[in-house]
Amino acid sequence: MSCVETIQAYAFRSLGFGERLLPKGEYTLCEHFTLIGSGMIWNIYFGIIALTTGFFLAVALAVGKSSPNPLWRKPAEWFIFVFRGSPLFIQFFFAYACFLSLKSVSSFFDPFTSAWLGALVVLFCNTAAYSGEIFYGALLSIPKGDIEAADAYGMTGWTRFRRITFPTMLRLAWPAYTNEAIFLFHATTLVFFSGFPAWRQKGDALYYASYFADKTFNPFVPYPILAFYFILLTLAVISVFGFVNKQLNRHLPQERRAKPKLRISLIR
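In what follows, the accompanying structure is described. (Residues numbered from 1 in each chain as written. Predicted model: local features only at pLDDT ≥ 70, side-chain atom pairs only at ≥ 80, totals over all residues. Heavy atoms only, no water.)

### Observations concerning the pattern of salt bridges
The condition that has to hold: A pair is scored as a salt bridge if a Lys or Arg side-chain nitrogen falls within 4 Å of a carboxyl oxygen belonging to Asp or Glu. Helix numbering and strand numbering both begin at the N terminus, where a helix is a DSSP run of H or I of at least 4 residues and a strand a DSSP run of E of at least 2. Buried residues are those whose accessible area, probed at 1.4 Å on protein chains only, stays under 20% of the maximum for their type, while exposed residues exceed 50% and partly exposed ones sit between those limits.
Tallied over the full model, the rule gives 4 salt bridges. A salt bridge links E77 to K74, with the shortest nitrogen-to-oxygen separation between them at 3.6 Å. You can see E77 and its partner K74 sitting in helix α3 (residues 70-85), 3 residues apart, about one turn around the helix. Here E77 falls in the partly exposed class, since its relative accessible area comes to 25%. With a relative accessible area of 41%, K74 lands in the partly exposed category. Among the ionic pairs, D151 bridges to R160, the shortest N-O distance being 2.7 Å. The class for D151 is partly exposed, based on a relative accessible area of 40%. We classify R160 as partly exposed; its relative accessible area is 25%. One network of salt bridges, in which partners are shared, links R73, K74 and E77.

Written as structure tokens, this is what we have:
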């Protein structure tokens, strides 16, 4: 099978299209790149959906945690504490066990035992908690002069939040939020090694890399390819978030513009 035929057969295998059986026998470099790249579709799916939906919950958690009303503050504090205080890998196992129990109660929870939804819920809650803490810190760092100026103009409530508080919070939090986005995409590799099974061998990039490593007894080919794909993904995230950061700081002088700094996190 030529490389073009391999790409046609396995490029979208992780989504259920193309060859159903995994290759056997001699494993070519093209098969490595194609199947691991196919699995990256799931990693990108988990990262984008969890990040975009978790952003809104994170803002709500930050606002709730900064609220003087304990009815809003306490639930936000406990949500952030639970998901930041426990390992993500344990959250996957715990959520899968809970969804399995709920599945016996109602058929509504059947999709939640699948990785595409159940694991997504865990990633959504996890990134919302970490991002909520980042946004909360940014809220506390908003200069008092900005708030006083808004009050002087007669801005209160939603108008002040929309025009002053929220944009300033984003501008201050965006460099740290960029690192959270990068780590979230890296954390998606835990999905199919947690309780959520890979249905019909339709796994993510790490699933296919492990398959090749087990079959060839040579981890020095599939895992560097996996790292290469994630480096490309990280560069894409940095580019997109860097563009947004420039837009958020375009009104500031060049020397005062905050720039995202990549910080490697060895443990969540």
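Let's pick the thread back up.
### A closer look at the state of the cysteines
Just so we agree on the cut-off: The disulfide criterion used throughout: a pair of cysteine sulfur atoms within 2.5 Å.
Per the stated rule, a full pass over the model turns up 1 disulfide. Paired through a disulfide, C3 and C30 show a sulfur-sulfur distance of 2.2 Å. Across the S-S bond of C3 and C30 the torsion is about 80°, and the bridge reads as right-handed. With C3 in helix α1 (residues 3-10) and C30 in helix α2 (residues 29-65), the pair connects residues that are 27 residues apart, well separated along the chain. Judged by its relative accessible area of 14%, C30 is buried.

### A closer look at the environment of F241
With respect to the element layout, F241 can be found in helix α9 (residues 222-248). Each C-alpha atom, one on F241 and one on I182, is 10 Å from the other, the two residues being 59 residues apart in sequence.

### Side note on the packing of α2 against helix α7 (residues 157-187)
Two numbers describe a pair of packed helices, the interaxial angle and the distance between the axes. Quick reminder of the rule: Structural elements are reduced to axes, namely lines fitted to C-alpha atoms, with helices fitted over the stretch in contact, and the angle between N-to-C directions of any two is expressed from 0 to 180 degrees. In this scheme the handedness of a crossing depends on how the near helix is turned from the far one: anticlockwise by less than a right angle means left-handed, clockwise means right-handed. Here, residues are in contact when the closest pair of their heavy atoms is within 4.5 Å. Gly falls in the polar group here, along with every residue not listed as nonpolar (Ala, Val, Leu, Ile, Met, Phe, Trp, Tyr, Cys, Pro) or charged (Asp, Glu, Lys, Arg).
Look at α2 against α7: their axes get within 11 Å of each other, and the N-to-C directions meet at 145°. In this structure, α2 crosses over α7, and the sense of that crossing is right-handed. Listed contacts from α7 to N43, I44, G47, I48, A50, L51, F55, V59 and V63 of α2 are F161, F166, M169, L170, Y177, A181, L184 and F185. Residues of the contact of α2 with α7, tallied by class, amount to 15 nonpolar, 2 polar and no charged.

### Things to note about the layout of surface pockets
Regions of empty space are outlined by a rolling probe, equal in size to a water molecule, passed over the atoms. Note the following rule: Here a cavity means grid points, on a 1 Å grid over the protein atoms only, where a 1.4 Å probe fits yet cannot get out; a pocket means an open set of points with protein on both sides within 12 Å along at least five of seven lines; lining residues are those with an atom within 4 Å of a point. Grid points are joined across faces, edges and corners, and a volume is the space filled by probe spheres set on the points.
Size it by volume and the second largest pocket reaches roughly 300 Å³. Considering the residues around the second largest pocket, the lining is formed by V63, S66, L139, L140, I142, I147, G157, W158, R160, F161 and T165. Looking at the lining of the second largest pocket, the element that brings in the most residues is α7, giving 5 residues.

### Overview of the nonpolar core
Going by this rule: Definition of nonpolar core: a set of buried residues of the types Ala, Val, Leu, Ile, Met, Phe, Trp, Tyr and Cys, connected through side-chain atoms within 4.5 Å.
Ranked by internal contacts, the top residues of the largest apolar core, which has 59 residues, are I36, F46, F92, L123, F135, M169 and V191. Elements with a contribution of two residues or more to this core: α1, α2, α4 (88-103), α5 (115-140), α7, α8 (205-216) and α9. Residue contributions to this core peak at 12 residues, all from α7.

### A word on the packing of aromatic side chains
Going by this rule: Pairing of aromatic rings covers Phe, Tyr and the six-membered ring of Trp, with a centre-to-centre limit of 6.5 Å; geometry is then stacked below 30 degrees between planes, edge-to-face above 60, and tilted otherwise.
A complete count under the given rule lists 30 aromatic pairs for this structure. The interplanar angle of 80° and the centroid separation of 5.7 Å between the aromatic rings of Y27 and F212 together place this pair among those described as edge-to-face. Of this pair, Y27 sits in the loop between α1 and α2 while F212 sits in helix α8; the two residues are 185 residues apart in sequence, bridging distant segments of the chain. F212 shares its class with Y27; the two are buried. A centroid spacing of 5.7 Å and a plane angle of 85° characterise the contact between W78 and F81, whose relative ring orientation is edge-to-face. One end of the pair, W78, and the other, F81, are both in helix α3, 3 residues apart, so they sit about a helical turn from each other. Accessibility expressed as a relative area gives 55% for F81, which makes it exposed.

### A short note on the packing of α8 against α9
Inclusion rule: In this scheme, roughly parallel covers angles under 35 degrees and roughly antiparallel covers those over 145, while 65 to 115 is roughly perpendicular and the rest are oblique.
Contact pair α8 / α9: the axes reach a minimum separation of 8 Å and the direction vectors enclose 160°. Between α8 and α9, the interaxial angle falls into the category roughly antiparallel. Read as a crossing pair, α8 and α9 show a hand that is right-handed. The residues of α9 that touch α8, namely those facing A205, L206, A209, S210, F212 and A213, are P222, Y223 and L226. Here the residues of the contact of α8 with α9 are counted per class, giving 8 nonpolar, 1 polar and no charged.

Nothing here speaks to function; it is all geometry.
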